[in-house]
Amino acid sequence: MRLLRTPEDRFTDLPGFAFEPRHVDLPDPHGGLIRVGYVEAGPSDGPPVLLLHGEPSWSYLYRKMLPVLAGAGLRAIAPDLVGFGRSDKPAEIADHSYARHVGWMRAFAFEALDLRDVTLVGQDWGGLIGLRLVAENPDRFARVVAANTGLPTGDADMPKVWWAFHDAVEKAQVLDIGRFVQSGCTTELPEEVRAAYDAPFPNEMYKAGPRAMPSLVPTRPDDPASEANRAAWRTLTELDLPLLCAFSDSDPITGPMAPVLQRAMKGAQGLEHPTIQDAGHFLQEDAGERLAEHVAQFVRG
């Protein structure tokens, strides 16, 4: 597998993102090492909160939440998915699979950092990956926050607005990452913030990850990831881990999943699930501080 690594000077002076860059090197099945970049804030002995981003963003998405969580005494950890941010970027779309992304984040969280009693915050693909981690490693988790996400199995069709996004990514000759993030926000992003979302991708060679992810979402019952996701659903529906749904009020892609998760998940019963007002798909960008306050309250009780 050929890996690309974004030059570090691409990340210089990004607005609101003065966090120390960190990384771990994970064993690659082909015999090499693959680097996962991450940032964290808060006391090293605080309750760990694992913040998983989605498509096509990176840990920059959590810059507004990290200080709030740290201020509550939590250890907030935001990795970059492989193919995104400071993490290594497999150069071919075929290098990416749902199973590999779950495996990479499992190795990051449990083998490299040895996290325990984790609170997951998963949005978009961060939930698709994170909910699998919870179902397959429940002893490592204390609670879950699902934020504008789901766990598709391919047994129900995706909404038309998602297919429009899928087709736009597939057909784009030049994948404008900043524009796609902007399209999922209710607020107008400053030009320098849009540029920060573009920073990990110097040119089209680096964008195999963002290009691959829409096609990895299970959209038919025989998708390679469908059975593993069905198994995850079966486990999650009976799991006693508290599960908080913190969805925004303006996300046409994942909005319908909030009541489904609240009804289906045993750990969601009896909780007061907040709706984050005036926020779109990327609610961390539109209302990150408010979302972080809900997460901190959920962890601290």
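Structure's up top.
Residues numbered from 1 in each chain as written. Predicted model: local features only at pLDDT ≥ 70, side-chain atom pairs only at ≥ 80, totals over all residues. Heavy atoms only, no water.

**Remarks on helix 10 (residues 283–300)**
Think of an α-helix as 3.6 residues a turn; residues three or four steps apart then line up on the same face.
Thinking step 1. Taking 1.5 Å per residue, 18 residues should reach 26 Å; helix 10 reaches only 22 Å between its end C-alpha atoms and comes up short.
Thinking step 2. At Glu289, helix 10 is bent by approximately 65°, the largest bend along its length.
Thinking step 3. Along helix 10, the residues classified as buried are Leu283, Gln284, Glu285, Asp286, Ala287, Gly288, Leu291, Ala292, Val295, Ala296, Phe298 and Val299.
Thinking step 4. Following helix 10 by one or two positions, Gly301 has its phi on the positive side, about 75°. (Helix = DSSP H or I, 4+ residues; strand = E, 2+ residues; numbered from the N terminus. Expected span 1.5 Å × (residues − 1). Bend = angle between axes of the 7 residues up to and from the residue. Buried < 20%, exposed > 50% of the residue type's maximum accessible area, 1.4 Å probe, protein only.)

**As for the sheet that holds strand 8 (residues 141–147)**
Thinking step 1. The seven strands are arranged 2-3-5-4-7-8-9 in an open sheet whose pairing can be described as mixed. Bordering the open sheet on either side are strand 2 (22–27) and strand 9 (243–245), each of which pairs with just one other strand. The average undirected angle you get between the axes of adjacent strands in this sheet is 25°.
Thinking step 2. Pairing geometry for strand 4 (residues 48–52) and strand 5 (residues 75–79), over three bridges, is parallel. Bridging from a neighbouring strand, Pro48 pairs with Arg75 of strand 5.
Thinking step 3. Against the sheet, helix 10 contacts strand 4, strand 7 (118–123), strand 8 and strand 9, and its axis sits at roughly 150° relative to strand 8. (Pairing = 2+ DSSP bridges. Axes fitted to C-alpha atoms, helices over the stretch in contact; angles between N-to-C directions. Contact = heavy atoms within 4.5 Å.)

**A look at the layout of surface pockets**
Thinking step 1. For the largest pocket, the calculated volume is near 770 Å³.
Thinking step 2. If you list the elements that add at least two residues to the lining of the largest pocket, you get helix 3 (125–136), helix 4 (160–171), helix 5 (177–183) and helix 7 (208–216).
Thinking step 3. Counting residues per element, the lining of the largest pocket draws most heavily on helix 4, which supplies four residues.
Thinking step 4. Residues belonging to the lining of the largest pocket are distributed by class as follows: 23 nonpolar, eleven polar and five charged.
Thinking step 5. Estimated volume of the second largest pocket: approximately 180 Å³.
Thinking step 6. In terms of residue count, helix 10 provides more of the lining of the second largest pocket than any other element does, three residues in total.
Thinking step 7. Along the lines of polarity and charge, the residues of the lining of the second largest pocket split into four nonpolar, two polar and one charged. (1 Å grid on protein atoms, 1.4 Å probe; cavity = no way out; pocket = protein on both sides within 12 Å on 5 of 7 lines; lining within 4 Å. Points joined across faces, edges and corners; volume = space filled by probe spheres on them. Nonpolar A, V, L, I, M, F, W, Y, C, P; charged D, E, K, R; others polar.)

**Focus on the nonpolar core**
Thinking step 1. Counting residues in each nonpolar core, the largest one holds 103 residues, and the members touching the most others are Leu51, Leu66, Leu69, Phe108, Tyr197 and Val295.
Thinking step 2. Residues within four places of Val295 in sequence aside, it is in contact with Val49, Met65, Leu69, Val121 and Val145. (Core = buried A, V, L, I, M, F, W, Y, C linked by side-chain atoms within 4.5 Å.)

**Quick word on the packing of aromatic side chains**
Thinking step 1. Taken as a whole, this structure holds twelve aromatic pairs when the rule is applied.
Thinking step 2. With centroids separated by 5.3 Å and ring planes inclined at 75°, the aromatic side chains of Phe17 and Trp58 adopt a geometry described as edge-to-face. Pair noted here: Phe17 is in the loop between strand 1 (3–4) and strand 2 and Trp58 is in the loop between strand 4 and helix 1 (65–71), with a separation of 41 residues, a long-range link.
Thinking step 3. Judged by relative accessible area, which is 6%, Phe17 ranks as buried.
Thinking step 4. Pairing Tyr38 with Phe108 gives two aromatic rings, centres 5.2 Å apart and planes at 70°, and the pair type is edge-to-face. Pair noted here: Tyr38 is in strand 3 (residues 33–41) and Phe108 is in helix 2 (residues 98–112), with a separation of 70 residues, a long-range link.
Thinking step 5. Take Tyr38: its relative accessible area is 8%, and that puts it in the buried class. (Phe/Tyr/Trp six-rings, centres within 6.5 Å; stacked < 30°, edge-to-face > 60°.)

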